[in-house]
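Structural features, examined
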Amino acid sequence: MDPVELPLTDIPATRLADALLERLHTEKLASSLEYYTSIENILMSAISVVRSSLNSFSAINRIPPEILASILQSVPSLLIQLPPPGVPTMWPRPSIRSSSEALPLTLVCHHWRQVALAEPSLWSSIDTDNMPPMTRVKASALKVYSGGAPNEGLDAVTTHGLRIAELHLLVVPKYHSLHDHHCLRFPAPRLEYLTLSRTAGGDRSIKNPSFLFQGDAPRLRVLVMQSISWLPKNRFANLTHLCISDALKSGYTPPWRLPELLTFLSGCPGLQDLALSGLKSLVNDDDTTAAITFRDLRRLSLRRLSVNPFAWILTHVLSRVPITMCLLELNCDTQPVLLSTLQHAGPTDGITGLTVTTIGNRFVYTASGAPCGIRIERYVHLGCADCWQWKSTLWSIWPLDGVRELRIDKHALIELGNPLRLLDLLPSLTTLVISDCSKRACPSKSRCKDATENKTWLFLMLYTLAGAGSFDDSDDFPIPCPRLSTLRVWLLTGIDTPTVFNDLTATRARRGYPIEHLIVDCRVDKPHTLWDVSRHVTSFRRGVVNESPSMELPGIQDVYDMCK
């Protein structure tokens, strides 16, 4: 009886593969080259199908394609870092990424290649010097970066101006003038993030520029202008973040003056975050420009400005809501004008946290509260009378009777001299953090080395907290910070004797102002058994901790992140 022949569709693939292999052995060298070439092509396609099936059993390939695409989007790194370094403010980060870094994803396997090529967002970030095929981008919004020199890529991208959501232009003046370049002369209805940066030279002849993007950029939210010598005439109703800086540190004074800046700002009513750095713009002595009040301005960062711009901006840029300010790289010559201005412009009440540190050659004063705060950084010049006036006057700008937390480091205590002039202003203080050295650069390595073993600065602080020049039974001196309940101290090295802590806790407990929680950490401890504080405090912890505690306060740290 003849065997029953099954249709090919009913024969298992394994039997077909065995039959094909046996047939090939039988027909070996019996057919033409074209015959075997065609079989090879068929088998390669079959192997590709088999491998794809094998890969489908892998856990990563069982992820739905849309989730895999979302994971792959995090592979390319950010193409640029904005806003410019040293300009502290909170920004919506630019989402433009290096599309070229997505290419290796297409070589992993056929499935990944299909998913990657089908995901437009992987290819929508465009570097005009290394453009991906526009067919991959499909209809998604474009994010464009140009390094400065004009090229065909930039020309090609600007033909798709209606789709551009982010545009970052680094301009080299020897190639073209930023304002006159055609890349700013197309409607940009989807544009949300714009960076204009000049690398060198100057556009000093431009004093009255026309409207950017033909006046059509209604969705623009973030504008960063680095070393640009003119101001747009546009009204940006939806602009929330604005940074104007002299990134070149050239000291060039732009043709516009501060009242003109205020005119531009008046066209940005929704502004929430304003950062100004290195500006040399001036204001006439007889200026009568009225102040402008924003409805939502919450953060103001001023850096490396001279006296007049500092004071003028603080009195002319106002907000209806509480505002957080960062005033950075101040010189002591700003002291008389600026301190009187800050009394009205800063957080006049509600301060609950205070940080006093020294970073490099800068004295840093940070005050925060809900929902506002201020950070002041000024340079310290040895032997300068104005610098001393800064330190002695700073505490009197705002009321500190509501401060509940103080963080102070060794170098700030040394600069302060007598800590009582600060502690007497803090009747509500409950938490005190004292650090031997902050995480940042030490202002003087030699001074730090000398003071590592000599802890006079610490003993003076602890004596002051006990209400006397020494620990004794006298009750003649009032106890500062009567509500202090938590004391944390971090030291580079342990102390030879903990008697100073024993006496402090005992004295405050006897006077009716006990410290409930004591924490003493150090990087390198010195073993001893003379600790006798447990009977005077509720909890006591001593340990080895490599890193000093953070000197930053919540809220202010968010504003200052970009300065790191």
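Thresholds, definitions, all that
Residues numbered from 1 in each chain as written. Predicted model: local features only at pLDDT ≥ 70, side-chain atom pairs only at ≥ 80, totals over all residues. Heavy atoms only, no water. Helix = DSSP H or I, 4+ residues; strand = E, 2+ residues; numbered from the N terminus. Buried < 20%, exposed > 50% of the residue type's maximum accessible area, 1.4 Å probe, protein only. Contact = heavy atoms within 4.5 Å. Areas by Shrake-Rupley, 256 points an atom, 1.4 Å probe, with all protein chains shown as cover. Expected span 1.5 Å × (residues − 1). Salt bridge = Lys/Arg side-chain N within 4 Å of Asp/Glu carboxyl O. Phe/Tyr/Trp six-rings, centres within 6.5 Å; stacked < 30°, edge-to-face > 60°. Axes fitted to C-alpha atoms, helices over the stretch in contact; angles between N-to-C directions. Left-handed = near helix turned anticlockwise from the far one by under 90°. Nonpolar A, V, L, I, M, F, W, Y, C, P; charged D, E, K, R; others polar. Pairing = 2+ DSSP bridges. Parallel < 35°, antiparallel > 145°, perpendicular 65-115°, else oblique. pLDDT = per-residue confidence, 0-100.

This brings us to the overall build of the chain. Scanning the chain from terminus to terminus reveals 16 helices and 19 strands. Looking at the chain residue by residue over its 564 residues, the buried ones come to 49%. Put simply, 70% of the contacts in the chain that link residues at least 6 apart link residues at least 24 apart. Surface exposure of the chain reaches about 26,900 Å², of which carbon and sulfur atoms provide 55%.

The phi dihedral of Q214 is positive, around 55 degrees, even though this residue is not glycine. Look at R304: it is not a glycine, yet its phi comes out positive at around 55 degrees. The topology assignment puts R304 in the loop between β9 (299-303) and α8 (307-316). Here R304 falls in the buried class, since its relative accessible area comes to 18%.

Before going further, it helps to spend a moment on the side chain of S146. Here S146 lies in strand β2 (residues 142-146). Leaving out residues up to four positions away in the same chain, S146 has contacts with T128, L154, H168, L169 and L170.

Further remarks concern helix α1 (residues 13-26). Its 14 residues give α1 an end-to-end C-alpha distance of 20 Å, which sits within 8% of 20 Å, the value for a rise of 1.5 Å per residue. Across the 14 residues that make up α1, only a small minority, 0, are buried.

Take the pattern of salt bridges next. Inspection of the entire model under this criterion finds 10 salt bridges. One salt bridge connects R375 with E377, and the closest N-O pair in it is separated by 3.1 Å. Both residues of the pair, R375 and E377, count as buried. Connected through shared salt-bridge partners, E192, R219 and R221 make up one network.

Two descriptors summarise a pair of aromatic rings, namely the distance from one centre to the other and the angle between the planes of the rings. According to the stated counting rule, one finds 2 aromatic pairs in the structure shown. Ring geometry for F186 versus F213: centroids 5.5 Å apart, planes at 65 degrees, classification edge-to-face. In this pair, F186 sits in the loop between β3 (164-171) and β4 (193-198) while F213 sits in the loop between β4 and β5 (222-226), placing the two residues 27 residues apart along the sequence. Residues F186 and F213 agree in their burial class; the two are buried.

As a packed pair, helix α7 (residues 258-266) and α8 sit with axes 11 Å apart at the nearest point and diverge in direction by 35 degrees. Seen from above, α7 lies across α8 with right-handed handedness. Here L258, P259 and L262 of α7 lie close against α8, whose contacting residues are P309, W312 and H316. Its residues assigned to classes, the contact of α7 with α8 shows 5 nonpolar, 1 polar and no charged.

Locating W312 in the fold gives a position in helix α8. Contact partners of W312, with chain neighbours within four places excluded, come to L258, P259, L262, V283, D287 and T289.

Attention now goes to the pairing of strand β7 (residues 273-277). A large share of β7 lies buried, amounting to 5 of its 5 residues. Every second residue of β7 is oriented toward a common face, with D273, A275 and S277 on one face and L274 and L276 on the other, all of them buried. Strand direction decides the pairing type here: strand β6 (residues 241-245) and β7, joined by 5 bridges, are parallel. Bridge pairing in β7 links H241 to D273. One ladder, built from 5 bridges, connects β7 with β9; its direction is parallel. Bridge pairing links D273 to R299 in β9.

This next bit is on the packing of helix α14 (residues 456-465) against helix α15 (residues 499-510). At a minimum axis separation of 9 Å, α14 and α15 run at an interaxial angle of 15 degrees. Relative to α15, the element α14 is oriented roughly parallel. Relative to α15, the crossing made by α14 is left-handed. Residue-level contacts link L458, F459, L462 and L465 of α14 to V500, F501, L504 and R508 of α15. When its residues are assigned to classes, the contact of α14 with α15 shows 7 nonpolar, no polar and 1 charged.

Moving on, we get to the environment of S125. Inspection of the secondary structure assignment puts S125 in strand β1 (residues 125-127). Taking the C-alpha atoms as reference points, S125 and K143, 18 residues apart in sequence, are found 4.6 Å from one another. When near neighbours in sequence (up to four residues on either side) are disregarded, S125 contacts S95, I96, R97, S99 and K143.

Looking now at the confidence of the model for the chain. Per-residue confidence for the chain averages 77 on the pLDDT scale, and 74% of its residues sit at or above 70. The spread of mean pLDDT over the elements of the chain runs between helix α16 (residues 556-560), the lowest at 42, and strand β16 (residues 431-435), the highest at 93. Of the regions scoring below 50 in pLDDT, residues 204-208 engages in 9 contacts with residues more than four places distant in sequence or in other chains. The model gives residues 443-453 a pLDDT under 50, and that stretch makes 17 contacts with residues more than four places away or in other chains.

Before going further, it helps to spend a moment on the environment of F236. With respect to the element layout, F236 can be found in the loop between β5 and β6. When its relative accessible area of 3% is taken as the criterion, F236 is described as buried. Sequence separation between F236 and D216 is 20 residues; the distance between their C-alpha atoms is 9.5 Å. When neighbours within four sequence positions are excluded, F236 is seen to be in contact with A217, L220, L223, F264, G267, C268 and P269.

Attention shifts here to the pairing of β5. In terms of burial, β5 is largely enclosed, as 5 of its 5 residues are buried. In β5, alternate side chains face the same way, and those of V222, V224 and Q226 on one face and L223 and M225 on the other are all buried. The pairing of β4 with β5 spans 5 bridges and is parallel. Of the residues in β5, the one forming a bridge with L196 is M225. Where β5 meets β6, 5 bridges bridge the pair, whose relative direction is parallel. If you follow L223 over to β6, its bridge partner there is L242.

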